[in-house]
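Structural characterization, general
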Amino acid sequence: MPGGFVWGVATAAYQIEGSHNVDGRGESIWDRFSHTAGNTYQGQTGDVACDSYVRWPDDIALMRKLNVGGYRFSIAWPRVFPNGSGDLNHKGLDYYDKLVDGLLEVGITPFPTLYHWDLPQALEDTGGWINRDTAYRFADYAAVVADRLGDRVHDWWTINEPWCVAELGYRSGTHAPGRQEPREWFAAAHDVLLAHGLGMEAVRAAAPASKVGIVINVDAVMPRSVHAADQAAAAMFELQRNHWYLDPVLKGEYPQAAVDEYGWGQAEVEPGDMETIAAPMDHFGLNYYSRSVIRDESIDDRERPQPLIETDLPRTTMGWEVYPDGLSDLLIKYDREFDLPPIYVAENGVAFADELVGGAVHDEDRCAYLESHFAAAATAVEGGVDLRGFFVWSLLDNFEWQHGYTQRFGLAWTDYETQHRIIKDSGHWFSSFVGGKRPM
Ligand code: IFM
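Residues numbered from 1 in each chain as written. Predicted model: local features only at pLDDT ≥ 70, side-chain atom pairs only at ≥ 80, totals over all residues. Heavy atoms only, no water.

Let's shift gears to the packing of helix 5 (residues 90-105) against helix 7 (residues 133-149). Where helix 5 meets helix 7, the closest approach of the two axes is 10 Å, and the angle between their N-to-C directions is 45°. One way to sum up the angle between helix 5 and helix 7 is to call them oblique. Crossing hand, helix 5 versus helix 7: right-handed. Facing helix 5, whose interface residues are His-90, Leu-93, Asp-94, Tyr-96, Asp-97 and Val-100, helix 7 presents Val-144, Val-145, Arg-148 and Leu-149. (Axes fitted to C-alpha atoms, helices over the stretch in contact; angles between N-to-C directions. Helix = DSSP H or I, 4+ residues; strand = E, 2+ residues; numbered from the N terminus. Parallel < 35°, antiparallel > 145°, perpendicular 65-115°, else oblique. Left-handed = near helix turned anticlockwise from the far one by under 90°. Contact = heavy atoms within 4.5 Å.)

At their nearest, the axes of helix 10 (residues 228-251) and helix 13 (residues 325-337) sit 12 Å apart, and the two run at 45° to each other. Put simply, helix 10 runs oblique to helix 13. For the crossing formed where helix 10 meets helix 13, the hand is right-handed. Between helix 10 and helix 13, the residues in contact are Glu-238, Asn-242, His-243, Leu-246 and Lys-251 and Lys-333, Tyr-334 and Glu-337, respectively. Broken down by class, the residue content of the contact of helix 10 with helix 13 amounts to two nonpolar, two polar and four charged. (Nonpolar A, V, L, I, M, F, W, Y, C, P; charged D, E, K, R; others polar.)

Counting buried residues along strand 9 (residues 387-393), six of its seven residues qualify, which places the element largely inside the surrounding structure. The pairing of strand 1 (residues 6-10) with strand 9 spans five bridges and is classified as parallel. Looking across to strand 9, one finds that Ala-10 is bridged to Trp-393. Where strand 8 (residues 343-348) lies against strand 9, four bridges are found, and the strand directions are parallel. By the bridge assignment for strand 9, Val-345 is matched with Phe-390. (Buried < 20%, exposed > 50% of the residue type's maximum accessible area, 1.4 Å probe, protein only. Pairing = 2+ DSSP bridges.)

The environment of the ligand is formed by Gln-15, His-116, Trp-117, Asn-160, Glu-161, Tyr-289, Trp-320, Glu-347, Trp-393, Glu-400, Trp-401 and Phe-409. Gln-15 is positioned with one of its side-chain polar atoms (N or O) 2.8 Å from an oxygen atom of the ligand. In the model, an oxygen atom of the ligand is placed 2.6 Å from a nitrogen or oxygen of the Glu-400 side chain. The protein chains hide 95% of the 280 Å² of surface that the ligand would expose on its own. Taken together, the residues that form the shell around the ligand break down as six nonpolar, three polar and three charged. (Near = heavy atom within 4 Å. Polar contact = N/O pair within 3.5 Å; in protein donor to acceptor, adjacent residues only side chain to side chain. Areas by Shrake-Rupley, 256 points an atom, 1.4 Å probe, with all protein chains shown as cover.)

Structural measurements only, silent on function.
Shown next, in the form of structure tokens:
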């Protein structure tokens, strides 16, 4: 990998911090959602999670053992503004101040994300992301955080995975705030992208030396067969799943064929919005986990010509197919299609059925997953992609949203009874790999 390449790990505030009602933190939509019966696995919540609000020095020590060069964490908006706007909670900001100093002391570069899904509930009560005003409140919050940390933090992410915010939060309702809005989710998708653009302006104004960009999650998409109906279904899926978010940010427009398919009149788009959303970024984050194989539901399998695409690849406990080639393919494809700034793989990692046996976790499957995806990243670099870093999801097992604590993505095992962190074999492997013992 090129010199200065950052090998890092990623987490998010609600998934690890706990201390949900401590030091003036306000309620977030994930507090409300997880405390509402039927929304998460066995009603599990992030009230305690990995207790990282208290144990952050342990987590920094863990990162040192893992040879981590960069830490992508997120800042909890309701710790900073308990009501989303208005009164600032200094204690909340103090926490991130300490965390940043602790990272820098040991030579780990902070890469904070300003929004990883924990919207203050007070803003949801006034419409959440369906209310355009939320984007402006996000910019106010971003300015305050950048003003406080921008003398030491130089690498920022505005929004994590806008697809999840809009589609899971406001369309399918499987994520907080759990709304199912067949038409209004368009506003949520647009407003969260607008928040990204306004947030970039705010960060740059408060901390001019900053580098800032968005993180978008994409799937590799393939048709189930060469049948024209499958090809068309896959092409539309790819527009709706990936390009609905990539194109506005990187081209300043929504993909027209998908807009037509949805019959979206774009009434929510105001003059100047697309310029704000598509303002040049300093870096771009891509999250990649898996591939979606798409079939046209209206045709019978007997009508599908052979060969069908191989779909019996290994799957993770999330049910996601392991498909490392998708990472190199997409990086190279986007590099050709868009005028991209430097790129980071801002998340990649895997949940498998880990077991703690005799104080160790022998997760060879995760080592293999990571090795294959690191190799895919190297292929992209060889193909000319300006990739600057790779962040593994995640530092440690944590609260996996609607799945509660059932999905273990960590390089370290979290014992939720004792809050001990136990480095898995994959963590040892990562540490050696990054330490240069197994150069690519
Ligand atoms: O845990 C999530 C994270 O919050 C966002 N990206 C995907 C991860 C695994 O599902």
